[in-house]
Amino acid sequence: FDQARTSLATPGASSRADAVARYVEFHLDGLHAHHSSEDELLWPVLYERAGMSGALIRRMEEQHAGLHDALDTTGRELAAWESAPTTGRSEALAEALGTVVDRLSEHLAEEERDVVPLIPNLYGAALRLTRKSQLTEVQRARLPFGGLNATPPSGLARILMSPGPIYDPEGR
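Quick caveat: nothing in here was measured; it's all calculated off a predicted structure.

**Observations regarding the overall build of the protein**
Stage number 1. Counting secondary structure elements, the protein contains six helices and two strands.
Stage number 2. Burial status across the protein gives 34% buried among its 172 residues.
Stage number 3. When contacts within the protein are restricted to residue pairs at least 6 apart in sequence, those whose partners lie at least 24 apart make up 57%.

Okay, structure coming up:
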């Protein structure tokens with residue numbers, strides 16, 4: 001999102017409106033799907049099996065709600081900017097993207113600190129845990145997925161590249 005925000009301030013951004021819009025939409029959709037999956041599938045299991053506190057689950061869900069509000073706002077600003085990429089709309093979209101970055105940074109810091117250490121408790125001590133902060137190095141050693149994905153890249157619908165870069169397999 002920071003990359004898109006920076007792109008809005010560069011000369012000629014309006015000539016790249018379609019490409020910037022597709023890039024931002026892709027990441028908005030991916031983040032929404034990721035957090036919806038956590039809310040639906042991960043938090044209940046961590047609560048049940050790993051001793052994740054109800055207060056921490058509520059905090060993560062509240063952060064997700066705040067992020068989803070910011071994502072919705074960004075989606076609206078993106079649509080307005082794409083239809084008429086004026087300076088004012090560029091500034092509004094950049095501000096919305098900044099809110100997403102700020103909320104996401106806060107959330108990821110807490111998630112890495114408070115949630116990720118609980119994940120091995122789901123399956124016992126034998127589970128090897130790769131932290132998100134380590135993923136760039138793991139993937140760089142064995143592109144694109146660091147040996148962590150069984151489906152070859154040619155069998156995927158697409159590969160999501162997020163900042164880092166971190167590569168995420170998407171669909172078949």
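Back to the write-up after that little detour.
**Focus: the pattern of salt bridges**
Stage number 1. Scanning all chains against the criterion turns up seven salt bridges.
Stage number 2. When salt bridges that share partners are traced, they join Asp18, Arg22, Glu25 and Glu82 into one network.

**What about the side chain of Glu110?**
Stage number 1. Its place among the elements puts Glu110 in helix α4 (residues 87-115).
Stage number 2. Given the relative accessible area of 13%, Glu110 is considered buried.

**Re the packing of helix α2 (residues 17-49) against helix α3 (residues 54-83)**
Stage number 1. For the pair α2 and α3, the least separation of the axes is 10 Å and the interaxial angle reads 165°. In terms of orientation, α2 lies roughly antiparallel with respect to α3. In this structure, α2 meets α3 at a crossing whose hand is left-handed.
Stage number 2. Classifying every residue of the contact of α2 with α3 gives 14 nonpolar, eight polar and seven charged.

**Quick word on the nonpolar core**
Stage number 1. Phe1, Val24, Leu28, Leu71, Leu78, Trp81 and Leu97 are the most contacted members of the largest nonpolar core, which has 18 residues in total.
Stage number 2. Only α2, α3 and α4 provide two or more residues apiece to this core.
Stage number 3. No other element matches α2, which puts six residues into this core.
Stage number 4. Dropping the residues within four chain positions of it, Leu78 is found in contact with Ala21, Val24, Glu25, Leu28 and Leu93.
Stage number 5. Judged by nonpolar contacts, the second largest core, of eight residues, contains Trp43, Met52, Ile57 and Met60.

Rules used in this analysis
Residues numbered from 1 in each chain as written. Predicted model: local features only at pLDDT ≥ 70, side-chain atom pairs only at ≥ 80, totals over all residues. Heavy atoms only, no water. Helix = DSSP H or I, 4+ residues; strand = E, 2+ residues; numbered from the N terminus. Buried < 20%, exposed > 50% of the residue type's maximum accessible area, 1.4 Å probe, protein only. Contact = heavy atoms within 4.5 Å. Salt bridge = Lys/Arg side-chain N within 4 Å of Asp/Glu carboxyl O. Axes fitted to C-alpha atoms, helices over the stretch in contact; angles between N-to-C directions. Parallel < 35°, antiparallel > 145°, perpendicular 65-115°, else oblique. Left-handed = near helix turned anticlockwise from the far one by under 90°. Nonpolar A, V, L, I, M, F, W, Y, C, P; charged D, E, K, R; others polar. Core = buried A, V, L, I, M, F, W, Y, C linked by side-chain atoms within 4.5 Å.

These figures come from the coordinates and say nothing about function on their own.
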